[in-house]
Every structure is written in C-alpha cells, then in structure tokens.
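Overview (structure and organization)
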Amino acid sequence: MKRIIFFFIGITISSIWLLSCSKEYSVENISNVNNEALGILTADSIGNCKQAFVNGTYYIQDSLNSSNYVLIQVNVASVGKYLIKTNVSNGFYFMDSGYFNTTGIQQVELKGYGVPVVPDTTQFVFSFGNSACDFSVINVVDTTTGPKNAYFKLLGTPSNCSNIQVYGSYKSGVATDTSNYIIALVNAITTGGYTINTNIIDGITFSYTGLFTQKGAQTIKIPAIGTPQNTGINNFTLIGSTGNCLFDVTVK
C-alpha cells in the first residue's frame, strides 16, 4: 500500500514540474526566449502598407545607393531584435535589421540593394510577425532613352514661391496619411528621373520620386511622411535642381 501511495505522490510531483517547465515556453514568453520582437505591419483593408514611402531614383544597370530606401511603419507589441526583408524582384530588394527598444507604432527604413534590370514597375512583398503587405517602385528609369537625372526648376524661385499649396490637417502626435501633401509647380528643362523633397522638421518631411516624360511646366503632388511632435508653425524648404522654395505648415 505504501508503494502505491509513493507512486501517486511521484506522479503528482512530476506533473507539477512538467507544467512549470511548459509555462516558460508559453506564447507570452516567446519574445523573451528568442529575443525577437513581436508585432504587426500597419496596412489598409486591401493590404497596401500604410505610410510605405519609396525614396530615391532607380536606374537600370546602376547599383542602388543610400538614397534608395523605403520607409514603412510597424506596430511593435514586444521589444526584441527584428529582420524585415522583401523578395528579390527585377534585380533588387530592400532589407533592414535591428532591435526595437520600445513598443507601439515605429518607422523602419528598408535599405535598397541590388541592380535594377528592366525599366518597369516593380512590386515587393515583406512581412513582420504574422502580417504581410506590399508596395511598388513605379519609376525604374531607362538610362538608354534619356538623361539620367532630370533638370528642373521650381517656378517662382528664388524669391516668389507662392505657388506651393499645403493640403491636409497636421496634428501633434498623429501620423500623416494620404490627405497630407503639397502641390508644387515646376518647369522640366530636360526629361528623366527626379527626386524632390524638403528638409526634415519636427518629425515630418515631404518627398517624391518620379519621371519627367516631357518638358515644360508641370504640377507635382508631394506627399508628407512622418508624425509631427509639437504644435506650431514649421518652415520647410523644398529643394529643386536650381533654387529652393519656402513654405509653412501649421501643426495643431
């Protein structure tokens, strides 16, 4: 009888020990064990990445450089290391790795690598946690049919740039979206690829990469990217090939 009692006591102790061990590897402790960040990508209802912003000009047969990157947003649930990488398409891809020290929505810069092969819209997919979304590089420039870099002038430079129009509401602590942008008038002296942007002030900037297929006066829509941090009036400088323009954005 005593042997039976000791047997059941042993079974009970073993069960308790096994349960305590299994708890160490439960879902809430995965990030601690593997030291990997958990979270999701911010995307809209059809899978397009919110705040995905493609920077730089992309030329066939030219290696990507530090100006070729994509800004994305992720919602970090637990801190830890991360690796976010796209597929390889048309000879190039984007990637970044690091460590998230805080939780919440954060911006990640995926750096470009490789050499574009053909002048065509190129689509990429990337993932974080159990979520995935996509973006496209729409202007891969064919350097055999026109100048590598377009030469353009901001209308009104250097002293009269009143043609810049600011759209959208800018609020402290609220990320910009597709309603936040500026409209600028430019005169394309030559055709080709171009990047037009502003300086970064209070966590936001305006930037766009495109392709001039014809010369002359044209209108450019330049989206905002980032999250304003403070209220007040910010003085931005829009940078052109020749001369700059100044404009103000009020953050409430």
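Refer to the structure presented above.
Residues numbered from 1 in each chain as written. Predicted model: local features only at pLDDT ≥ 70, side-chain atom pairs only at ≥ 80, totals over all residues. Heavy atoms only, no water.

A separate point is the overall build of the protein. Within the protein one finds two helices and 18 strands. Relative to its full complement of 252 residues, the protein shows a buried share of 38%. Residue pairs in contact within the protein that sit at least 24 positions apart in sequence constitute 64% of those at least 6 positions apart. With an accessible surface of roughly 13,900 Å², the protein has 54% of that area assigned to carbon and sulfur atoms. (Helix = DSSP H or I, 4+ residues; strand = E, 2+ residues; numbered from the N terminus. Buried < 20%, exposed > 50% of the residue type's maximum accessible area, 1.4 Å probe, protein only. Contact = heavy atoms within 4.5 Å. Areas by Shrake-Rupley, 256 points an atom, 1.4 Å probe, with all protein chains shown as cover.)

Approximately 250 Å³ is the volume found for the second largest pocket. Secondary-structure elements contributing two or more residues to the lining of the second largest pocket are β1 (38-41), β5 (80-85) and β8 (122-128). Looking at the lining of the second largest pocket element by element, the count peaks at four residues for β5. Classifying every residue of the lining of the second largest pocket gives seven nonpolar, four polar and two charged. (1 Å grid on protein atoms, 1.4 Å probe; cavity = no way out; pocket = protein on both sides within 12 Å on 5 of 7 lines; lining within 4 Å. Points joined across faces, edges and corners; volume = space filled by probe spheres on them. Nonpolar A, V, L, I, M, F, W, Y, C, P; charged D, E, K, R; others polar.)

Let us now look at the pattern of salt bridges. Counted under the stated rule, the structure contains one salt bridge. Between D96 and K111 there is a salt bridge whose closest N-O contact spans 3.0 Å. With D96 in strand β6 (residues 92-100) and K111 in strand β7 (residues 104-114), the pair connects residues that are 15 residues apart, well separated along the chain. Overall, the relative accessible area of 35% leaves K111 in the partly exposed class. (Salt bridge = Lys/Arg side-chain N within 4 Å of Asp/Glu carboxyl O.)

In this structure, I196, F206, F212, I222, L238 and F247 are the most contacted members of the largest nonpolar core, which totals 25 residues. Discounting chain neighbours no more than four positions away, the residues touching I196 are F152, L154, V186, F206, S207, Y208, I220, I222, L238 and I239. Counting residues in each nonpolar core, the second largest holds 23 residues, with L41, I60, F92 and V108 among its members. (Core = buried A, V, L, I, M, F, W, Y, C linked by side-chain atoms within 4.5 Å.)

Mapped onto the elements, T176 comes out in the loop between β12 (165-167) and β13 (181-188). Accessibility expressed as a relative area gives 2% for T176, which makes it buried. Among the polar contacts listed, one links the side chain of T176 to the backbone oxygen of G226, at a separation of 2.9 Å. (Polar contact = N/O pair within 3.5 Å; in protein donor to acceptor, adjacent residues only side chain to side chain.)

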